[in-house]
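Fold and geometry: a report
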2 protein chains.
Amino acid sequence: MTTQTSPRAEFRARYLVESAVPSEKVAQVIAGEQSSGTFLSLPGETEQLKERSRARVVRIDPLPPMLEPTLASAHVARHGNPAVFHRAEIEIAFPIANVGANLSTLLATVAGNLFELGEVTALRLLDLDLPADYAAQFQGPAFGIEGTRRQAGVFERPLIGTIIKPSIGLTPQQTAELADDLCTAGIDFIKDDELIADPPYAPFDERLKAVMPVLRRHADRLGRMPMYAINISGSIDEMLRRHDAVLEAGGTCVMVSINWVGFAAVEHLRRHARLPIHGHRNGWGAFTRHPGLGFSFKAYQKLWRLAGVDQLHVNGLRSKFWEPDESVLDSARACLSDFAGLKPLMPVFSSGQWASQAPDMYRELRSSDLMHLAGGGIIGHPDGIAAGVNSMREGWEAAMQGVSLEAYARTHPALRRALAHFAGR
Amino acid sequence: MTTQTSPRAEFRARYLVESAVPSEKVAQVIAGEQSSGTFLSLPGETEQLKERSRARVVRIDPLPPMLEPTLASAHVARHGNPAVFHRAEIEIAFPIANVGANLSTLLATVAGNLFELGEVTALRLLDLDLPADYAAQFQGPAFGIEGTRRQAGVFERPLIGTIIKPSIGLTPQQTAELADDLCTAGIDFIKDDELIADPPYAPFDERLKAVMPVLRRHADRLGRMPMYAINISGSIDEMLRRHDAVLEAGGTCVMVSINWVGFAAVEHLRRHARLPIHGHRNGWGAFTRHPGLGFSFKAYQKLWRLAGVDQLHVNGLRSKFWEPDESVLDSARACLSDFAGLKPLMPVFSSGQWASQAPDMYRELRSSDLMHLAGGGIIGHPDGIAAGVNSMREGWEAAMQGVSLEAYARTHPALRRALAHFAGR
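Residues numbered from 1 in each chain as written. Chains lettered and ligands numbered in written order. Predicted model: local features only at pLDDT ≥ 70, side-chain atom pairs only at ≥ 80, totals over all residues. Heavy atoms only, no water.

To keep it simple, the criterion reads: UniProt positions are given in the numbering used here, feature names are shortened, and annotations may be inferred rather than shown by experiment.
The name an unreviewed UniProt entry assigns to chain A is Ribulose-bisphosphate carboxylase large subunit family protein, from the organism Azohydromonas lata. Quoted verbatim from the Cofactor (unreviewed entry) heading of the UniProt record, the comment on chain A is "Mg(2+)". Per UniProt, the comment on chain A under Sequence similarities (unreviewed entry) is "Belongs to the RuBisCO large chain family."

1. Structural notes on the overall build of chain A
As a reminder, the rule being used: The secondary structure listing takes helices from DSSP runs of H or I that are at least 4 residues long and strands from runs of E that are at least 2 residues long, numbered from the N terminus. For this measure, only C-alpha atoms enter the radius of gyration; the expected value for a globule follows 2.2 Å times N^0.38, where N is the number of residues. Working rule for contacts: check all heavy atoms of both residues, and any pair within 4.5 Å makes them a contact. To measure how exposed things are, a 1.4 Å probe is used in the Shrake-Rupley method; for residues, cover is taken only from the protein chains shown. Two residue types count as positive, namely Lys and Arg, and two as negative, namely Asp and Glu; His and chain ends fall outside the count. Where a charge lies is defined by one atom per residue type: Lys uses NZ, Arg uses CZ, Asp uses CG and Glu uses CD.
Secondary structure summary: chain A contains 19 helices and 13 strands in total. On C-alpha atoms alone, chain A measures out to a radius of gyration of 24 Å, which is about the 22 Å that the 2.2 N^0.38 rule sets for 425 residues. Principal axes of the C-alpha set define a box for chain A whose edges measure 75 × 45 × 40 Å. Contacts spanning at least 24 positions in sequence make up 75% of the contacts within chain A whose residues lie at least 6 apart. For chain A, the exposed surface amounts to about 14400 Å²; the carbon and sulfur share of it is 51%. Looking at charge distribution, chain A has the averaged site of its 44 positive side-chain charges lying 2 Å from that of its 47 negative ones.

2. As for the pattern of salt bridges
All names here are of chain A. The cut-off we apply is this: The salt bridge definition used is simple: a Lys or Arg side-chain nitrogen within 4 Å of an Asp or Glu carboxyl oxygen. A 1.4 Å probe rolled over the protein chains alone gives each residue an accessible area, and that area as a share of the maximum for its type sets the label: buried under 20%, exposed over 50%, partly exposed in between.
Within this structure, the stated rule accounts for 58 salt bridges over all chains. In this structure, the salt-bridge partner of D383 is R417, at a minimum N-O distance of 2.9 Å. Here D383, found in the loop between α16 (376-379) and α17 (385-401), pairs with R417, found in helix α19 (residues 413-422); they are 34 residues apart in sequence, far enough to count as distant. Relative accessible area serves as the criterion here: at 43%, D383 is assigned to the partly exposed category.

3. Describing the sheet that holds strand β1 (residues 10-19) of chain B
All names here are of chain B. Our working rule: The pairing criterion for strands is at least two bridges between them, as found by DSSP. Helix axes are fitted to C-alpha atoms over the stretch in contact, other axes to C-alpha atoms as well, and angles between N-to-C directions run from 0 to 180 degrees.
If you trace the five strands from one edge of the open sheet to the other, you get β2-β3-β1-β4-β10, paired in mixed fashion. Only two strands of the sheet have a single partner each, and these edge strands are β2 (56-66) and β10 (293-295). The mean angle between the axes of side-by-side strands here comes to 15 degrees, regardless of whether they run parallel or antiparallel. Against the sheet, helix α1 (residues 23-33) touches β1, β2, β3 (85-95) and β4 (120-129), its axis set at about 35 degrees to β3. Contacts from helix α4 (residues 103-110) reach β1, β3, β4 and β10 within the one sheet, and its direction differs from that of β1 by about 35 degrees.

4. Focus on unusual backbone geometry
K165 of chain A connects to P166 of chain A through a cis peptide bond whose omega is -5 degrees. With respect to the helices and strands, P166 of chain A occurs in the loop between β5 (159-163) and α7 (172-184). The backbone phi angle of E156 of chain B is positive, close to 60 degrees, even though this residue is not glycine. Even without being a glycine, R366 of chain B presents a positive backbone phi close to 50 degrees.

5. A short note on the sheet that holds strand β13 (residues 371-373) of chain A
All names here are of chain A. The strand order around the closed barrel formed by eight strands is β5-β6-β7-β8-β9-β11-β12-β13, and the pairing between neighbours is parallel. Across the sheet, the mean angle separating the axes of adjacent strands is 25 degrees when strand polarity is ignored. Here strand β9 (residues 277-280) runs beside strand β11 (residues 311-313); their pairing, made up of two bridges, is parallel. From the neighbouring strand, H278 faces β11, where its bridge partner is Q311.

6. Let's talk about the interface of chain B and chain A
Think of interface size as the accessible area that goes away when the parts come together; that is how it is often given. For clarity, the cut-off: By the criterion applied in these results, polar contacts are pairs of N or O atoms within 3.5 Å in which, for protein atoms, one can donate a hydrogen and the other can accept it, and in which residues neighboring in sequence qualify only through two side-chain atoms. Lys, Arg, Asp and Glu make up the charged group, whereas Ala, Val, Leu, Ile, Met, Phe, Trp, Tyr, Cys and Pro make up the nonpolar group; the residues left over, Gly among them, are polar.
Across the boundary between the two partners, chain B contributes 95 residues, which contact 95 residues of chain A. Summed over the shared surface of chain B and chain A, the result is two salt bridges. In this structure, the salt-bridge partner of E33 of chain A is K320 of chain B, at a minimum N-O distance of 3.2 Å. Scanning the region where chain B abuts chain A turns up 28 residue pairs in polar contact (both at pLDDT 80 or more). Considering only residue class, the side of chain B that touches chain A consists of 40 nonpolar, 38 polar and 17 charged.

7. A few points about the domain arrangement of chain A
Residue and element names in this part refer to chain A. How we decide: Each domain's limits were defined by an automated method or a database of domain assignments. By definition, the buried area sums, over both parts, the 1.4 Å-probe accessible area that each loses when the two are put together.
Split into domains, chain A comes out as domain 1 (10-135) and domain 2 (144-422). Its C-alpha centre places domain 1 at a distance of 36 Å from the equivalent point of domain 2. Between domain 1 and domain 2, the residue contacts involve 18 residues of the former and 19 residues of the latter. Summed over both sides, the interface of domain 1 with domain 2 buries roughly 1700 Å², with 67% coming from carbon and sulfur. Of all residues in domain 1, L103, R124 and L128 bury the most surface against domain 2, accounting for 35% of the area lost on that side. The interface formed by domain 1 and domain 2 holds two salt bridges in total. Put simply, D127 and K298 hold a salt bridge, and the shortest N to O gap is 3.7 Å. In this assembly, domain 1 and domain 2 are joined by 11 residue pairs in polar contact (both at pLDDT 80 or more).

8. Section: helix α1 (residues 23-33) of chain A
Extensive coverage of α1 of chain A is indicated by the burial of eight of its 11 residues. For α1 of chain A, the elements touching its buried residues are β1 (10-19), β2 (56-66), β3 (85-95) and β4 (120-129) of chain A.

9. A closer look at the pairing of β4 of chain B
Residue and element names in this part refer to chain B. Of all 10 residues making up β4, nine are buried, and the element is well covered by its neighbours. With eight bridges joining them, β1 and β4 adopt antiparallel strand pairing. Residue pairing in the sheet places S19 in a bridge with V120 of β4. Here β4 runs beside β10; their pairing, made up of three bridges, is parallel. Considered in β10, the bridge of L123 is made with L293.

10. Considerations on the UniProt feature "domain: Ribulose bisphosphate carboxylase large subunit C-terminal" (unreviewed entry) in chain A
Taking the numbering used here, the UniProt-annotated feature "domain: Ribulose bisphosphate carboxylase large subunit C-terminal" (unreviewed entry) corresponds to residues 144-421 of chain A. Between the first and last C-alpha atoms of residues 144-421 of chain A the distance is 35 Å; the span itself is 50% helix and 12% strand.

11. Quick word on the relation of the copies chain B and chain A
We apply this condition: Only residues with pLDDT of at least 70 in both copies contribute their C-alpha atoms to the least-squares superposition of the copies.
For the pair chain B and chain A, the superposition axis carries a translation of 0.0 Å, the fit reaches an RMSD of 0.0 Å, and the rotation angle comes to 180 degrees. One copy is carried onto the other by what is essentially a two-fold rotation axis. The C-alpha atom lying nearest the rotation axis in chain B is that of G262 of chain B; the distance is 1.9 Å. Counting the interface residues of chain B, we find that 100% of their copies in chain A are interface residues as well, pointing to one common contact surface.

12. Considering helix α15 (residues 358-365) of chain B
All names here are of chain B. Taken together, the buried positions of α15 are A358, D360, M361, Y362 and L365. Turning to α15, the residues buried within the fold contact α14 (325-336), β12 (346-349), β13 (371-373) and α17 (385-401). Following α15 by one or two positions, R366 adopts a phi angle in the positive range, close to 50 degrees.

13. Description of the side chain of D127 of chain B
Residue and element names in this part refer to chain B. Here D127 is to be found in strand β4. Within polar-contact distance, the side chain of D127 engages the side chain of K302 at 2.8 Å. If near-sequence neighbours (up to four positions away) are discounted, D127 is found in contact with R12, A13, R14, S296, K298, A299 and K302.

14. What about the confidence of the model for chain A?
Residue and element names in this part refer to chain A. Defined as follows: The predictor's confidence in any single residue is recorded as pLDDT, a number from 0 to 100.
For chain A, the mean per-residue pLDDT works out to 95, and 96% of the residues sit at or above 70. In this model residues 1-6 is a low-confidence stretch, pLDDT under 50, and it forms three contacts with partners more than four residues away in sequence or in other chains. In the predicted assembly, ipTM is 0.96 and pTM is 0.96.

15. Concerning the pairing of β5 of chain A
Residues and elements named next belong to chain A. Spelled out, the test is: Crossover handedness is defined by viewing with both strands directed away from the observer: a clockwise path from the first strand over the helix to the second marks the crossover as right-handed.
Taken across its five residues, β5 has five buried, putting it largely inside the fold. Burial along β5 is two-sided: L159, G161 and I163 facing one way and I160 and T162 facing the other are all buried. The sheet contact formed by β5 and β13 spans three bridges and is parallel. By the bridge assignment for β13, G161 is matched with L373. Alignment of β5 against strand β6 (residues 189-191), held across three bridges, turns out to be parallel. Residue pairing in the sheet places I163 in a bridge with K191 of β6. Taken together, β5, α7 and β6 constitute a β-α-β crossover, and its handedness is right-handed.

Here it is as structure tokens:
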């Protein structure tokens, strides 16, 4: 018996789940726990309420079971270990009316207590699917790829960039000198390290004040201003004030440590901002490194896209990080993909990068809508920073023209020196 | 050669780390990566800068090595698997001057990219230590245990509470009716489910408007107002506005999903708030369930204490969640412990709770500075909600008097019925 006349509007979440009970059962437990269910039949919980409110198991794709639990559960141990632990990919549909346009409650629904359920011995949020009219109720990226390119004045090739290093310790004046060298070298994009925001030895305001005149000077020369993703992470008031100071000084980007300022802060900044938001995902490893726990990047980037980030880190091919190259490419593809009518994100590649990765990136992505950041690959080039930037750009020219790096290097000395110097390192 | 004349002020982080390289080496890599280090020697990176800025490895306590990596690393695979993976607890000291009073940068420093380092095959933040004068630069809890008790008018025993159920689907009027029943039964504390904040069928304002007159009416009768942790999670503006509406209506608490609104939002709310902040940690499982990744609760509660949460969830003994009882007790002990001069947090026990857990909790903690929340254990009591509340309170009386539940039950019918009804479920 139901009074519903039209289908409920729903959003969907897909999980990898492993459990001590059959997958059909654990899917029902999760759907119940994350909507109207509980372990007792309650007075107010009528059939009508359930019909309106309960989540629905859409799909269960069984996977081979395990003989041992992937993650320990005292609850399972207390109730006696089963012979096998069931595994499946499951999809659950939640009524949009349970949540509304509320990002933290969306998270509490798709990524809340369910990670802790006693029956569950592995659970990972694999993907999310929102109808476009629901997604449109969130902020979404204001700039995305097109807006970032417009701000940077760089089109039809990747933004070649670097990170201010050493991460910690440079005075504002030293930072400005380094920025000057980078701009002289023709860099497209510079970012602060995530470790520096407003330390006593290089306060935000002084860093901004030292660097911006350098950028403006080079903008006059270059006809475009190198984009500086200055790290504004801090309190809500500080971030808004810093954004305004950057805007006032003619800057074109702001950066935040998204995981640690959090969703509500990024949404708030997005509402206020007139500049693209560079999303630094430091800490992300804790959310994703175990394949049976946490978040896939595919889901993660959708959540941050809802919040309004424009640029998002994805590591790099053959980086110094743990991540396999295929996973890095999948992350970039996710950023570049359509999602519920929201603007795509510009993926940011970094760590251990130099010209060599360009052909692989372009072959796999067929896109130059990305940032390619190199530290040593630019600053450590044997012929200096300008040659470092040129070698990166030449690597991409070769990649996009379908010419091998070696062939292109014959007529491009910066790339040639990079190949000789960095290969095999 | 150093120009330092006095010891640097530092904070410290302790980790479990497993790596493909010896622990001494990985500790140096982490210290370098998270302060002034990089993979190249850089022009501006003078000895003076390093001396001022670099993190310092304080201690390495070796643990037995592993033959297989706990977490996969493509970086390790690319460089050839070592014979063993080294494990240790390490402690690193960071200059306070690297960070300043900036919570997101503190997180980026102690819990940032280091989770993703290629050499690392397990990494968990175990603990944090901040000097009191540094911690004092953060908000910290405004209320803590004492302030929460004052607001609730409950002293020298735990706050007995419950969660509005079903989690989803009740109208504001139905919520108010349930609150009325709970207050009639003498409850100390009621909280919203984390799944409900401001859905179309029960908008925040209407829920508040429906429930508050009920609470005020009972306050007149009881001489104390039952504390209602109403879920204000949402955008920054919504949370401030909702806090003000709660305050205006005479409410005594607000609740937020801390992981999903985020640190900057909780700090901002704390600065503004005149009410205790009930910290709901839904999603926490994703941060902690793998023992070789993420965060220990000990570190986690310190970070949220810095942000200014007053009450924090710790699961419950013999709960429906995965967590072993000893871990739950350790979490409660962490909340109750001194940390850098900040107020202790009130731990919130819930899930599968009824009177039976009281003696174990009191024996282990020797404290009643906690919230003990029961759903079915109160609402499902065979003699009704009032008997449910009484049975919980009687359980605590027995525990604090050192009398067994069975003995106390002889003269306390609500507890007697609870024992007969719930035991063995």
